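# Observations on the three-dimensional arrangement
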Amino acid sequence: MRFTPRVLGPFVGAIAKKLEHYSQFQPSPLTIQQYLDFGRTGTAQSSYAFLKNELLVRLGNIMQEISLLPPALLEMPSSKLVASWYQESFVELLDFEGKDPTTDLINQFNEKIHGILKRHAHVVETMAEGLIELRERNGVDIASEKGIQYFLDRFYMNRISIRMLQNQHLVVFGNLLPDSPRHVGCIDPACDVETVVHDAFESARLLCDRYYMVSPAMELEIHNAVEKDKPISIVAVPSHLYHIMFELFKNAMRATIDHHGIDDDLPQVKARVVRGKEDLSIKISDRGGGVPRTILERLFNYMYSTAPPPTRDGTQAPLAGYGYGLPLSRLYARYFLGDLFLVSMEGYGTDACIYLKAVPVEANELLPIYSTSSRRNMTQAAQVPDWSHHVPGDNHRTNSNK
């Protein structure tokens, strides 16, 4: 498949050929165990050798899919901006193609990756702006909406997986500091779930207070069925779990206040955390009036929101309205082989249920790179590979479905 001029813009000739070259290879998925083992025993040289190719493959693949978006969406200013960020990052990484790792080169590579992380920091919000621009200007038919939904699930999962690679490399081999000495890169082998839940609630409450001058309290229940009376901890990226919890608390608080009013005695938001033999389960329950069953699944649609569109003057962070909160939270849960479900009782409230794996990381299940709607349970490779061998033309497989 070839990139069209409307997507490639100024990138022609050699750059276009590079995009085609790297997009024909499948990315190399990794397990949590591989991340942990390599973070403890790997080298900056082998990480560089793997990443300088793997990032080009992952960027090339998703840029190919960007070219298949509806032309009307790609014409939107915000969508063009996102596409330009990906193109610029791809070209910057080409500077390291075929270059052996020296200390100076690895330092340059780390600086470049740090710059790419900053450039892509607002991809989600900017793409959401593009969807709002499309709705306001042209509207969206059902077929296009389904295609956009499919693409964005893959696009954002790809983004999560790429940023995981970049952050892990920079914390282990670059200048980013870990959140605690216990961390292996950005992974906490003993993430204190209760602490993350409290932190997310407090942040959501501050934002809610800013909008409504009031916020519901939280009732938290912890149940460890494996090690009774002990704190619950799992292997996780705390920032991912925090993101999920923050979004769910925001939704619960907004629904509660909208349903009961700011002058009433607000019912609490209830949170229950349970550690089982296989699963970590978290349920967030509100009495925010619930939603009809007919629109429940639409809450995971990027082009649907029960809140009005947010103000776009940049004066404050939005409480809701962009539409990506729930679907993106579900992707974060699925990235670590879990899931997120909603159960709603119209007229009463909604339960949001998160399931994450609590089994030992030696399960060696590969973390997804794209959408997990057809998630495969792949359990190959108990041995941690030498990452430096994962280069196009070697261990990468050619994409046969593109």
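What counts as what
- Residues numbered from 1 in each chain as written.
- Predicted model: local features only at pLDDT ≥ 70, side-chain atom pairs only at ≥ 80, totals over all residues.
- Heavy atoms only, no water.
- UniProt positions renumbered as here; feature names shortened; annotations may be inferred.
- Pairing = 2+ DSSP bridges.
- Helix = DSSP H or I, 4+ residues; strand = E, 2+ residues; numbered from the N terminus.
- Axes fitted to C-alpha atoms, helices over the stretch in contact; angles between N-to-C directions.
- Contact = heavy atoms within 4.5 Å.

Identification of the protein as Protein-serine/threonine kinase from Mesorhabditis spiculigera is taken from an unreviewed UniProt entry. The record held by UniProt for the protein lists under Catalytic activity (unreviewed entry) the comment "L-seryl-[pyruvate dehydrogenase E1 alpha subunit] + ATP = O-phospho-L-seryl-[pyruvate dehydrogenase E1 alpha subunit] + ADP + H(+)". According to the UniProt record, the Sequence similarities (unreviewed entry) comment for the protein is "Belongs to the PDK/BCKDK protein kinase family."

### Describing the pairing of strand β6 (residues 339–345)
On a regular strand, each side chain points to the face opposite its neighbour's, so the side chains alternate between the two faces of the sheet. Where β6 lies against strand β7 (residues 349–357), seven bridges are found, and the strand directions are antiparallel. Its bridge partner lying in β7, Ser-344 is registered against Thr-350. Linking β6 back to β7 in an antiparallel pair, the connection comprises three residues, with Gly-347 at a positive phi of about 95°.

### Observations regarding the sheet that holds β6
Read from one edge of the open sheet, five strands run β2-β4-β5-β7-β6, paired in mixed fashion. Both outer strands of the open sheet, β2 (218–224) and β6, are each paired with one neighbouring strand and no more. The mean angle between the axes of side-by-side strands here comes to 15°, regardless of whether they run parallel or antiparallel. Where β2 lies against strand β4 (residues 269–275), seven bridges are found, and the strand directions are parallel. Counterpart to Ile-222 in the pairing with β4 is Val-273. Those strands touched by helix α10 (residues 193–212) are β2, β4 and β5 (279–285), and its axis lies near 165° from that of β2.

### Comments concerning the pairing of β5
In this structure, β4 lies alongside β5, joined through six bridges in antiparallel fashion. In the sheet register, Val-273 faces β5, and the bridge partner there is Ile-282. The hairpin formed by β4 and β5 contains three residues between the paired strands. The pairing of β5 with β7 spans seven bridges and is antiparallel. Bridge pairing links Ser-285 to Asp-351 in β7.

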